[in-house]
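# Observations on chain architecture
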Amino acid sequence: MPAPVNRLKQALADGKQTIGCWLVLGDSYAAEIAASAGFDWCVIDNEHAPNDLRSTLAQLQALSQTPNQTPNQTSVSAVVRPPIGETHILKQFLDIGCQSFVVPMVENAAQAAELVRATRYPPDGVRGVGASTARASNFNAHADYLHTANDQICLFVQVESRVGLAALPDILAVDGVDGVFIGPSDLSAALGHLGNPHAPAVVTAIDGALDAIAASGKASGIFAVDPVDAERYLARGVSFVAVASDINSMTTALRQTASRFRQ
Ligand code: 3PY
Ligand code: MG
């Protein structure tokens, strides 16, 4: 049996637009709730959330076992954001069964190419071989895993700095990079507008980057939990839009309820 088909990679290659939820509570109960809500994917965030390998594993298990609210009741696609794009860190996430990644702070083509190699077995890459004892191969039940795993990797690199923006054309040319994800928070800080991703200069930079990604034929992604932003990016054709986060949904709902009944 081959490696599981990566439905997110397939959807993006088919030019579909997808929506997802960012998981920052670091909790498999919350992941289960998000998984059933009807998103195409959930990102388990190890950069800005209290996650580690074990909490990520628990969330991957929750996501894979929860049918979503779409008509065909498939499970949601799981994506991991590592804290940083290091080969040994990606290796661990790969072995616990993650096939899709959003890697923060990628600033040049060499770094992007290194990430492609980190996520592929030789001869295409440098991924260490230990899948026979790993969840990734369903504990060796996927007998053809080693020879099919490379084809099912979906890799987004994040561009969210001045240097990264300048290198965007080179990054987009890297074979094996499926898409580029824009981080509005870090990008606004890099452009001198810390905390203000709606500053005109930031919006112009984001729109220019999204145009360049679209022209390359690769998938574009962005974090946009403000619904007005999300609608704008979806209308622009962005293919991987984070329209929610578990913490944002929880804080918004709880604060609204508390304030309504306190009056
Ligand atoms: C950013 O906005 O900087 C991000 O990385 C989105 O999570
Ligand atoms: Mg960021």
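For the structure itself, look to the data block above.
## Some remarks on the coordination of the magnesium ion (ligand 2)
- Looking at the magnesium ion (ligand 2), one finds its protein donor set to be Glu160 (OE) and Asp186 (OD), positioned 2.1 Å from the metal centre. Linking Glu160 in the loop between β5 (154-159) and α7 (162-166) with Asp186 in helix α9 (residues 184-190), this pair joins segments that are 26 residues apart in sequence.

## A closer look at unusual backbone geometry
- The linkage connecting Pro122 with the following residue, Pro123, adopts the cis geometry, with an omega of 5°.
- For Pro123, the position within the fold is in the loop between α5 (109-118) and α6 (145-148).
- In this structure, Asn138 is a non-glycine residue whose phi angle is positive, near 50°.

## Notes on the site of ligand 1
- In the neighbourhood of ligand 1, the contacting residues comprise Trp22, Arg81, Gln158, Glu160, Gly183, Pro184, Ser185, Asp186 and Phe223.
- Arg81 places a polar side-chain atom, nitrogen or oxygen, 2.9 Å from an oxygen atom of ligand 1.
- Compared with its free state, where it exposes 230 Å², ligand 1 has 94% of that area covered by protein.
- Each residue belonging to the shell around ligand 1 can be placed in one class, and the counts come to three nonpolar, three polar and three charged.

## Topic: the pattern of salt bridges
- Tallied over the entire structure, the rule returns eight salt bridges.
- A salt bridge links Arg127 to Asp95, with the nearest nitrogen and oxygen atoms 3.0 Å apart. Of this pair, Arg127 sits in the loop between α5 and α6 while Asp95 sits in helix α4 (residues 87-95), placing them 32 residues apart in sequence.
- For Arg127, a relative accessible area of 2% puts it in the buried group.
- Assessed through its relative accessible area of 18%, Asp95 is described here as buried.
- A salt bridge links Arg236 to Asp207; the shortest N-O distance between them is 3.4 Å. With a gap of 29 residues between them, Arg236 in the loop between α11 (227-235) and β8 (240-245) and Asp207 in helix α10 (residues 200-216) connect regions that are remote in the sequence.

## Side note on the nonpolar core
- Core analysis: the biggest nonpolar cluster contains 55 residues, and Phe101, Val157, Val180 and Ile182 have the highest contact counts within it.
- For this core, the element with the highest residue contribution is α10, accounting for six residues.
- Dropping the residues within four chain positions of it, Val157 is found in contact with Val103, Val106, Ala112, Leu115, Ile171, Val177, Gly179, Val180 and Phe181.
- In terms of nonpolar packing, the next biggest core, distinct from the first, is built from 15 residues, Leu12, Trp22, Val43 and Ala242 among them.

## Focus: the state of the cysteines
- Summed over the entire model, instances satisfying the criterion amount to zero disulfides.
- For the unlinked cysteine Cys98, the closest cysteine sulfur is that of Cys154, found at 9.6 Å.

## What about the packing of aromatic side chains?
- Applying the stated criterion across every chain, the model contains six aromatic pairs.
- Consider the rings of Trp22 and Phe223, whose centres lie 5.2 Å apart with planes at 85°: the pair is edge-to-face. In this pair, Trp22 sits in strand β1 (residues 18-23) while Phe223 sits in strand β7 (residues 219-223), placing the two residues 201 residues apart along the sequence.
- A relative accessible area of 2% places Trp22 in the buried class.
- Taken together, Trp22, Trp41, Phe156, Phe181, Phe223 and Phe240 form an aromatic cluster joined through their ring pairs.

## Here's the deal with the packing of α4 against α5
- Contact geometry for α4 and α5: axes closest at 9 Å, N-to-C directions at 35°. As α4 packs across α5, the resulting crossing turns out to be right-handed. The residues of α5 that touch α4, namely those facing Thr87, Leu90 and Leu94, are Glu114, Leu115 and Ala118.

## Examining the side chain of Asp229
- Note on placement: Asp229 falls in helix α11.
- Arg232 is the oppositely charged side chain nearest to the buried, salt-bridge-free Asp229, at an N-O distance of 5.4 Å.
- Beyond its immediate chain neighbours, meaning those up to four positions away, Asp229 contacts His198 and Ala224.

## What about the environment of His193?
- Positionally, His193 belongs in the loop between α9 and α10.
- C-alpha of His193 to C-alpha of Ala219: the two residues are 26 residues apart in sequence and 26 Å apart in space.
- Ignoring anything within four residues of it in the chain, the contact list for His193 reads Ser188, Ala199, Ala201 and Val202.

## Notes on a nonpolar patch on the surface
- Nonpolar side chains collect at one region of the surface, where Leu25, Ile247, Met250 and Leu254 lie side by side and expose about 340 Å² of accessible area between them.
- Looking at the element boundaries, Ile247 is found in helix α12 (residues 246-262).
- Classification of Ile247 by relative accessible area gives partly exposed; the value is 36%.

What counts and what doesn't
- Residues numbered from 1 in each chain as written.
- Chains lettered and ligands numbered in written order.
- Predicted model: local features only at pLDDT ≥ 70, side-chain atom pairs only at ≥ 80, totals over all residues.
- Heavy atoms only, no water.
- Donors = N, O, S within 2.8 Å, 3.2 Å for Na, K, Ca; no water.
- Helix = DSSP H or I, 4+ residues; strand = E, 2+ residues; numbered from the N terminus.
- Near = heavy atom within 4 Å.
- Polar contact = N/O pair within 3.5 Å; in protein donor to acceptor, adjacent residues only side chain to side chain.
- Areas by Shrake-Rupley, 256 points an atom, 1.4 Å probe, with all protein chains shown as cover.
- Nonpolar A, V, L, I, M, F, W, Y, C, P; charged D, E, K, R; others polar.
- Salt bridge = Lys/Arg side-chain N within 4 Å of Asp/Glu carboxyl O.
- Buried < 20%, exposed > 50% of the residue type's maximum accessible area, 1.4 Å probe, protein only.
- Core = buried A, V, L, I, M, F, W, Y, C linked by side-chain atoms within 4.5 Å.
- Contact = heavy atoms within 4.5 Å.
- Disulfide = S-S within 2.5 Å.
- Phe/Tyr/Trp six-rings, centres within 6.5 Å; stacked < 30°, edge-to-face > 60°.
- Axes fitted to C-alpha atoms, helices over the stretch in contact; angles between N-to-C directions.
- Left-handed = near helix turned anticlockwise from the far one by under 90°.
- Lys, Arg positive; Asp, Glu negative; His and termini not counted.
- Patch = residues over 30% accessible without salt bridge, like charges linked within 9 Å, V, L, I, M, F, W, Y side chains within 5 Å.

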